[in-house]
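A closer look at the structure
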Amino acid sequence: MCSGRLQTALLVAGYFVYLLVGAAVFQALERTAEKQEKMAAAQMKEAFLQNFTQLTVPEMEQFMKNLIEAIQNGVYPVGNESQFEESNWDFSNSFFFAGTVVSTIGYGTLHPKTVGGQIFCVFFALFGIPLNIVFLHRVGKMLSLLCKKLGKFLYEKGMRKKKIKFLTLLFFLATGILVFLCLPSVFFQITEGWSYSEGIYFAFITLSTIGFGDYVVGKQSDRKYFSYYRVLVAIWILFGLAWIALLFNLLTTVLEDTEKIIVKDLQQIGKVSKDNVGSQQRRCWPVQFVPEEELLPPRAGGDAQKMESLTADSEHTKN
């Protein structure tokens, strides 16, 4: 028991140390390049505001292309100059990005643009994704253990096994939906200004690793977020992934069992139908094609008649 807890503690510690180191490296590699991009975007905006009445159509199109490229790189040239001083690669955002890399969510709104950052991202994901799988597997085991303890408690109270299985699955599903979907959606509604349905949508799309990128936390320039906001969201994602992965496994098992039951029922129905069809066909056959055994009337007391026949043959032999 102590050995298992020690292994779990070392795994959790190593996992978060890996994410912290990755966040620090990404921050060091990308922050300087981001500052240069923001300065270029600010100069582009200033030049546009000074000369927008004199711009030709080709110049206007070039400005639009530069603006789209800046937005794709995570630079939003809106507001005053103080907003350009805020970095997308501070420690909180870097940790959030590291978490989305190892979890394979990949929103696409933040990505490394330097050569060093891109190469490091490849190796970081190469070793981080397997580590993330091991981490999620261990957390899933801990969640399963809680469900087993609940089942054992209900069994000791005299409850039937089928009912225990249903109640533990219901408890796991309801608790996970409350902790990882419903409550975080209220938090996102308050912090991000989204509707509650948008919060539910974001939570599920994130935890299922679909990651469209249409909703991402901490990206609205007109809102002030508290420090390490995205770090907390990243931790929620990591544990939520373990829950939803276990949930998908349970649903897969239920679907496979249901499929087996349906196939078995269909096979039984097909067998009964085949026997009935065969019986009907024999009834419709001409007499000359019906086996002689079926034409003969049933003989009552078959075993007694066999004994009488054997006795008669024995007496005939003696005579």
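Residues numbered from 1 in each chain as written. Predicted model: local features only at pLDDT ≥ 70, side-chain atom pairs only at ≥ 80, totals over all residues. Heavy atoms only, no water.

1. Comments concerning the overall build of the protein chain
This is how it is decided: Secondary structure elements are defined from DSSP: runs of H or I of at least 4 residues count as helices, runs of E of at least 2 residues count as strands, and each element is numbered from the N terminus. In this analysis, two residues are considered to be in contact whenever any of their non-hydrogen atoms come within 4.5 Å of each other.
A tally of helices and strands in the protein chain yields 9 helices and 0 strands. When its helices and strands are written in sequence order, the protein chain yields α-α-α-α-α-α-α-α-α. Residue pairs in contact within the protein chain that sit at least 24 positions apart in sequence constitute 71% of those at least 6 positions apart.

2. Remarks on the pattern of salt bridges
Using the following cut-off: The salt bridge criterion pairs a side-chain nitrogen of Lys or Arg with a carboxyl oxygen of Asp or Glu, the two atoms within 4 Å. Three exposure classes are used, based on accessible area relative to the maximum for each residue type with a 1.4 Å probe and protein chains only: buried under 20%, partly exposed in between, and exposed over 50%.
Applying the stated criterion across every chain, the model contains 1 salt bridge. Here Glu34 makes a salt bridge to Lys38, at a shortest N to O gap of 3.8 Å. With a gap of 4 residues between them, Glu34 and Lys38 both fall in helix H1 (residues 2-51), about one helical turn apart. Owing to a relative accessible area of 8%, Lys38 belongs among the buried residues under this scheme.

3. Describing the UniProt feature "transmembrane region" (unreviewed entry) in the protein chain
Where we set the bar: UniProt positions are given in the numbering used here, feature names are shortened, and annotations may be inferred rather than shown by experiment.
Residues given the UniProt feature "transmembrane region" (unreviewed entry) here are residues 6-29, 91-110, 116-136, 166-187, 199-217 and 229-251. This span, residues 91-110, is 60% helix and 0% strand, and a straight line between its end C-alpha atoms measures 14 Å. Secondary structure across residues 166-187 comprises 100% helix and 0% strand; the distance between its end C-alpha atoms is 31 Å.

4. Side note on the side chain of Arg230
To be explicit about the condition: All tallies of charge rest on Lys and Arg as positive and Asp and Glu as negative; His and the ends of each chain are not included.
Examined against the element boundaries, Arg230 turns out to sit in helix H7 (residues 229-284). Of the side chains bearing the opposite charge, Asp90 lies closest to the buried Arg230, which forms no salt bridge; the N-O distance is 6.6 Å. Beyond its immediate sequence surroundings of up to four residues, Arg230 is in contact with Ser92, Asn93, Phe96, Val216, Val217, Gly218 and Lys219.

5. Focus on the confidence of the model for the protein chain
Any residue range with low pLDDT should be treated as having predicted coordinates unsuitable for detailed reading. Selection rule: Per residue, pLDDT measures the predictor's confidence, with a range of 0 to 100.
Confidence along the protein chain averages 82 in pLDDT terms, with 83% of residues attaining 70 or more. Least confident of the elements in the protein chain is helix H8 (residues 292-295), whose mean pLDDT is 49; most confident is helix H6 (residues 196-207), at 95. This model gives residues 285-290 a pLDDT under 50, and the stretch forms 5 contacts once residues within four places in sequence are excluded.

6. Some words on the nonpolar core
Burial of nonpolar side chains together is a common tendency in soluble globular proteins. Our working definition: Residues belong to one nonpolar core when they are buried, are Ala, Val, Leu, Ile, Met, Phe, Trp, Tyr or Cys, and are joined through side-chain atoms within 4.5 Å. Note: domain ranges come from an automatic or database domain assignment.
Of all hydrophobic cores here, the largest spans 45 residues; its most connected members are Leu19, Phe96, Phe188, Val217, Val233, Trp236 and Ile237. Elements that contribute at least two residues to this core include exactly H1, helix H3 (91-102), helix H4 (115-156), helix H5 (161-192), H6 and H7. A total of 13 residues in this core trace back to one element, the largest contributor, which is H7. A domain-level breakdown of this core finds at least three residues from each of domain 1 (15-51) and domain 2 (131-276). Ignoring anything within four residues of it in the chain, the contact list for Phe188 reads Gly193, Trp194, Gly199, Phe202, Val217, Tyr229, Val233 and Trp236.

7. Observations regarding the packing of aromatic side chains
Quick reminder of the rule: For Phe, Tyr and Trp, rings pair up if their centres lie within 6.5 Å, where Trp contributes its six-membered ring, and each pair is then called stacked (planes under 30 degrees apart), edge-to-face (over 60) or tilted (otherwise).
Counting across every chain of the model gives 29 aromatic pairs. Pairing Phe16 with Phe135 gives two aromatic rings, centres 6.1 Å apart and planes at 90°, and the pair type is edge-to-face. With Phe16 in helix H1 and Phe135 in helix H4, this pair connects stretches of sequence that are 119 residues apart. Like Phe135, Phe16 is buried. Here Phe187 and Tyr229 contribute two aromatic rings whose centre-to-centre distance is 5.9 Å and whose plane-to-plane angle is 45°, an arrangement assigned as tilted.

8. Structural notes on the environment of Leu167
Secondary-structure assignment places Leu167 in helix H5. Exposure remark for Leu167: the relative accessible area of 27% places this residue in the partly exposed category. Along the sequence, Leu167 and Leu150 sit 17 residues apart, while their C-alpha atoms lie 9.2 Å from each other. Leave out the neighbours within four places in its chain, and Leu167 touches Leu154 and Met159.

9. Observations concerning the packing of H3 against H4
Our working definition: Comment: axis = line fitted to C-alpha atoms, over the contacting stretch for helices; angle = value between 0 and 180 degrees taken between N-to-C directions. These descriptions rest on fixed angle ranges, namely under 35 degrees for roughly parallel, over 145 for roughly antiparallel, 65 to 115 for roughly perpendicular, and the rest for oblique. Should the near helix be turned anticlockwise from the far one by less than a right angle, the crossing is termed left-handed; should it be turned clockwise, right-handed. Basically, the charged four are Asp, Glu, Lys and Arg, the nonpolar ten are Ala, Val, Leu, Ile, Met, Phe, Trp, Tyr, Cys and Pro, and anything else, Gly included, counts as polar.
Their axes nearest at 8 Å, the elements H3 and H4 cross at an angle of 65°. Classified by the interaxial angle, the pair formed by H3 and H4 is roughly perpendicular. Considering only the axes of H3 and H4, their crossing is right-handed. Residue-level inspection shows Phe97, Ala98, Val101 and Val102 of H3 in contact with H4, the latter providing Cys121, Phe124, Ala125, Gly128, Ile129 and Asn132. Here the residues of the contact of H3 with H4 are counted per class, giving 8 nonpolar, 2 polar and no charged.

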